[in-house]
Amino acid sequence: MHLPDPMIDGDVSLERTIHKRRTIRSFESKALTLKQLSQVLWAAQGITDIGEFKRAAPSAGALYPMDIYGVVGKDCIEKMDPGIYLYEPAGHSISLVKEGDFRRDIAIASLGQIWMAHAPLTLVITAEYSRITVKYGQRGIRYAIMEAGHIGQNIFLQSQAMGLEAGIVGAFEDQEVIQVMGSKKTHEPLLLMPVGYKR
Ligand SMILES: Cc1cc2nc3c(=O)[nH]c(=O)nc-3n(C[C@H](O)[C@H](O)[C@H](O)COP(=O)(O)O)c2cc1C
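So, here is what we can say about the structure in this document. Remember, predicted model here, so these are calculated numbers, not experimental data. (Residues numbered from 1 in each chain as written. Predicted model: local features only at pLDDT ≥ 70, side-chain atom pairs only at ≥ 80, totals over all residues. Heavy atoms only, no water.)

## Focus: the environment of Leu123
Where we set the bar: Counting from the N terminus, the helices are DSSP H or I runs at least four residues long and the strands are E runs at least two residues long. For the exposure calls, accessible area comes from a 1.4 Å probe over protein chains only, and a residue counts as buried if that area is under 20% of its type's maximum, exposed if over 50%, partly exposed in between. Residue contacts are defined here by distance: any two heavy atoms, one from each residue, within 4.5 Å place the two residues in contact.
Note that Leu123 resides in strand 4 (residues 121–127). According to the relative accessible area criterion, Leu123 is buried, its value standing at 0%. Along the chain, Leu123 and Met193 lie 70 residues apart, while their C-alpha atoms are 5.0 Å from each other. Here Leu123 is in contact with Val40, Leu41, Ile68, Tyr69, Gly70, Ile155, Leu191, Leu192 and Met193, once residues within four sequence places are set aside.

What follows is the structure in structure tokens.
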């Protein structure tokens, strides 16, 4: 599914978004628009250069070992069925990995942080280490983990700039998250970021 084109201008200053950014753990059940989903995925890993290659967040050696999944709840994003989706930067599109509302399962896999289940969307930042260790060896793992931080901050700031809020979760059972998502076993989840309107 192709996503709406992202905006590259906004109404809120970068300084204000940095000032206002907070980790939020309480979300309204209000649905998001497809445009909001598009924008936050673009900020995470969208292609931003003219040659259509480099992305919104930096990557050691431009090897891009990261993938972003979206956990979408029922009636949570307009025109979208609930499910687990994978973002494809090349086409600025998403593909369905698994159908169903798995927000509660993801929250349980996150050591029972049930507040997460109320967010309409949770983005899962994953790393496929082999895509970077092939050049940098073991040090590539460190680089990929750093990249998750860059992507996470982009998600925070973009959410804030659109009037949304985000949370960030590092406490979860890796294998349980992979199993719930039906994602590739080599895609190691590093950060989970619930996104929505603050309650
Ligand atoms: C790597 C990392 C993992 C985190 N994991 C969790 C988590 O599992 N659950 C949670 O509620 N907050 C988590 N947080 C959020 C921190 O508690 C939060 O950033 C901190 O309290 C500072 O608040 P602020 O983000 O609002 O400035 C995590 C933050 C980071 C950077």
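Here the narrative resumes.
## Regarding helix 6 (residues 174–181)
Note the following rule: What the arc measures is the spread of directions leading from the helix axis to the C-beta atoms.
Listed as buried for helix 6 are Val177, Ile178, Val180 and Met181. Down the axis of helix 6, the buried set is contained in an arc of 165 degrees. They therefore lie on one face. Looking at helix 6, the residues exposed on the side facing more than 90 degrees away from the buried face are Gln175 and Gln179. Of the residues trailing helix 6, Gly182 is marked for its positive phi of about 65 degrees.

## A look at the sheet that holds strand 1 (residues 66–72)
The cut-off we apply is this: Pairing between strands is defined by DSSP: at least two bridges between the two strands are required. Here an angle of 0 to 180 degrees is reported between the N-to-C directions of two axes, which are lines fitted to C-alpha atoms, with helices fitted over the stretch in contact.
Read from one edge of the open sheet, 6 strands run 3-2-1-4-6-5, paired in antiparallel fashion. Of all the strands in the sheet, the pair left with one neighbour each is strand 3 (93–99) and strand 5 (165–166). The strands touched by helix 6 are strand 1, strand 2 (83–88), strand 3, strand 4 and strand 6 (188–196); relative to strand 6, the strand with the most contacts, the crossing angle is about 65 degrees.

## What to know about the pattern of salt bridges
Applicable threshold: In the sections that follow, a salt bridge refers to a side-chain nitrogen of Lys or Arg positioned within 4 Å of a carboxyl oxygen of Asp or Glu.
Scanning all chains against the criterion turns up 5 salt bridges. Asp67 serves as the salt-bridge partner of Arg131, at 2.7 Å between the closest nitrogen and oxygen. Residue Arg131 is located in helix 4 (residues 130–136), and its partner Asp67 is located in strand 1; the two are separated by 64 residues in the primary sequence. Close ionic contact of Arg103 with Asp101 constitutes a salt bridge, the shortest N to O distance being 3.1 Å. For Arg103, a relative accessible area of 16% puts it in the buried group. Judged by its relative accessible area of 32%, Asp101 falls in the partly exposed class. If you follow the salt bridges from partner to partner, you end up with Asp67, Glu128, Arg131 and Lys184 in one network.

Geometry only, nothing functional implied.
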